[in-house]
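# Architecture at a glance
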Amino acid sequence: QAPEGASLAIAPNLRLMLQPPPFQPAGETLRVIFVGRIVPIKGLDFALRALARLSRPATFEIFGPEEDAATSAQCHALAASLPPHVSVQWRGAASNEAIVEAMARSDLFLLPTGGENFGHAIFEALSCGVPVLISDQTPWRGLEARKAGWDLPLSSPDGFVAALERYAAMPPAERAAWRDGARACARAYSDESGAAEASAALIRRAIGRNA
């Protein structure tokens, strides 16, 4: 509650475009990354089931704290049952710097979440130039048309598998165009939200009051 006589001002959600290290060129193995808490709503089990059906070689880096014991146990079991051509690395909770470095060596961000109000990890992936494969339960929609990724219904696991197969089969030049599309999508949000300008105005106002 604000003190009597005080005024309140709210700035939109400010997310800064990230500057990852230089992108590490892709090889024959699709490099997929997940960033999120290991809890039911984030859909890590769904992601692992989709990767189990992928016909091409892939690595899957999983970043996030294991907050739900049952979900964690289920996901570890699913990871252990993956076919030999799909490998998993559990990274646990990590710093923002470590995650940004991981983005620079990733081809695709996978988060079949049950719902996000914004999706900070999604924005961070896009701003690093990593196309995203997510559910349609976030504000990030129309991604395929922008060559920034896919937002698909969780009721259709086949769609996620098809998107994984499609991206894994893309030649380097086409993947580069999708990386550009991902960054353009994040940049458009930053430009259109007005968050940076609103936050700067709020800071100037506070400085003026203090002066």
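How each quantity is defined
- Residues numbered from 1 in each chain as written.
- Predicted model: local features only at pLDDT ≥ 70, side-chain atom pairs only at ≥ 80, totals over all residues.
- Heavy atoms only, no water.
- Helix = DSSP H or I, 4+ residues; strand = E, 2+ residues; numbered from the N terminus.
- Polar contact = N/O pair within 3.5 Å; in protein donor to acceptor, adjacent residues only side chain to side chain.
- Contact = heavy atoms within 4.5 Å.
- Pairing = 2+ DSSP bridges.
- Right-handed = clockwise from strand over helix to strand, strands pointing away.
- Axes fitted to C-alpha atoms, helices over the stretch in contact; angles between N-to-C directions.
- Buried < 20%, exposed > 50% of the residue type's maximum accessible area, 1.4 Å probe, protein only.
- 1 Å grid on protein atoms, 1.4 Å probe; cavity = no way out; pocket = protein on both sides within 12 Å on 5 of 7 lines; lining within 4 Å.
- Points joined across faces, edges and corners; volume = space filled by probe spheres on them.
- pLDDT = per-residue confidence, 0-100.
- Salt bridge = Lys/Arg side-chain N within 4 Å of Asp/Glu carboxyl O.

## What about the side chain of Asp-151?
Considering the arrangement of structural elements, one finds Asp-151 in strand β6 (residues 149–152). Of the polar contacts made by the side chain of Asp-151, one reaches the side chain of Arg-141; its length is 3.0 Å. A distance of 3.0 Å separates the side chain of Asp-151 from the backbone nitrogen of Leu-143, its partner in a polar contact. Excluding residues that lie within four positions of it along the chain, Asp-151 makes contacts with Ile-134, Ser-135, Asp-136, Trp-140, Arg-141, Gly-142, Leu-143 and Glu-144.

## Observations concerning the pairing of strand β3 (residues 86–92)
Relative to β3, strand β2 (residues 58–63) runs parallel, the two being bridged by six bridges. Residue pairing for β3: Glu-61 is matched across the bridge by Gln-89. Regarding the hand of the β-α-β motif, the stretch spanning β2, helix α2 (residues 69–80) and β3 is right-handed.

## Observations regarding the sheet that holds strand β5 (residues 132–135)
Taken in spatial order, the six strands of this open sheet run β3-β2-β1-β4-β5-β6, and their pairing is parallel. Strands with a single pairing partner mark the edges of an open sheet, and in this sheet they are β3 and β6. Averaged over all adjacent pairs, the angle separating strand axes in this sheet is 20 degrees, with direction ignored. Strand direction decides the pairing type here: β5 and β6, joined by four bridges, are parallel. Each residue of the ladder has a partner; that of Ile-134, found in β6, is Asp-151. Contacting β1 (30–35), β4 (108–111), β5 and β6, helix α5 (residues 157–169) crosses the sheet at an angle of about 175 degrees to β6.

## Some details on the environment of Ala-177
One can find Ala-177 in helix α6 (residues 172–193). The exposure class of Ala-177 is partly exposed, given its relative accessible area of 31%. With 30 residues separating them along the chain, Ala-177 and Lys-147 place their C-alpha atoms 7.4 Å apart.

## Some thoughts on the layout of surface pockets
Roughly 220 Å³ of internal volume is contained in the largest pocket. For the largest pocket, the lining is made up of 14 residues, of which Val-35, Gly-36, Lys-42, His-120 and Ala-121 are closest to its centre. Considering each element in turn, the lining of the largest pocket owes the most residues, four residues, to helix α4 (residues 120–127).

## A word on the side chain of Thr-113
Looking at where Thr-113 falls in the secondary structure, it is placed in the loop between β4 and α4. Exposure remark for Thr-113: the relative accessible area of 0% places this residue in the buried category. Of note is the side chain of Thr-113, whose polar atom sits 2.8 Å from the side chain of Glu-116. Setting aside anything within four residues of it in sequence, one finds Thr-113 in contact with Ile-41, Lys-42, Ser-135, Gln-137, Thr-138 and Leu-154.

## A word on the confidence of the model for the protein chain
In the predicted model, the protein chain carries a mean pLDDT of 88, and 82% of its residues have values of at least 70. Scored below 50 in pLDDT, residues 9–14 shows 16 contacts in the model against residues more than four places distant or in partner chains. In the model, residues 198–203 has pLDDT below 50 throughout and makes seven contacts with residues more than four positions away in sequence or in other chains.

## Notes on the pattern of salt bridges
Opposite charge on two side chains allows them to pair when their charged atoms are near. Taken as a whole and assessed by the stated rule, the structure comprises eleven salt bridges. Asp-107 is paired through a salt bridge with Arg-31; the nearest N and O atoms lie 2.8 Å apart. Of this pair, Asp-107 sits in the loop between α3 (96–103) and β4 while Arg-31 sits in strand β1, and the two are 76 residues apart along the sequence. Like Arg-31, Asp-107 is buried. Residues Arg-37 and Glu-67 are paired through a salt bridge, measuring 3.1 Å at the closest nitrogen-oxygen approach. Linking Arg-37 in the loop between β1 and α1 (44–52) with Glu-67 in the loop between β2 and α2, this pair joins segments that are 30 residues apart in sequence. Accessibility expressed as a relative area gives 36% for Arg-37, which makes it partly exposed. A single network of salt bridges, built from pairs that share partners, joins Arg-31, Asp-107 and Arg-175.

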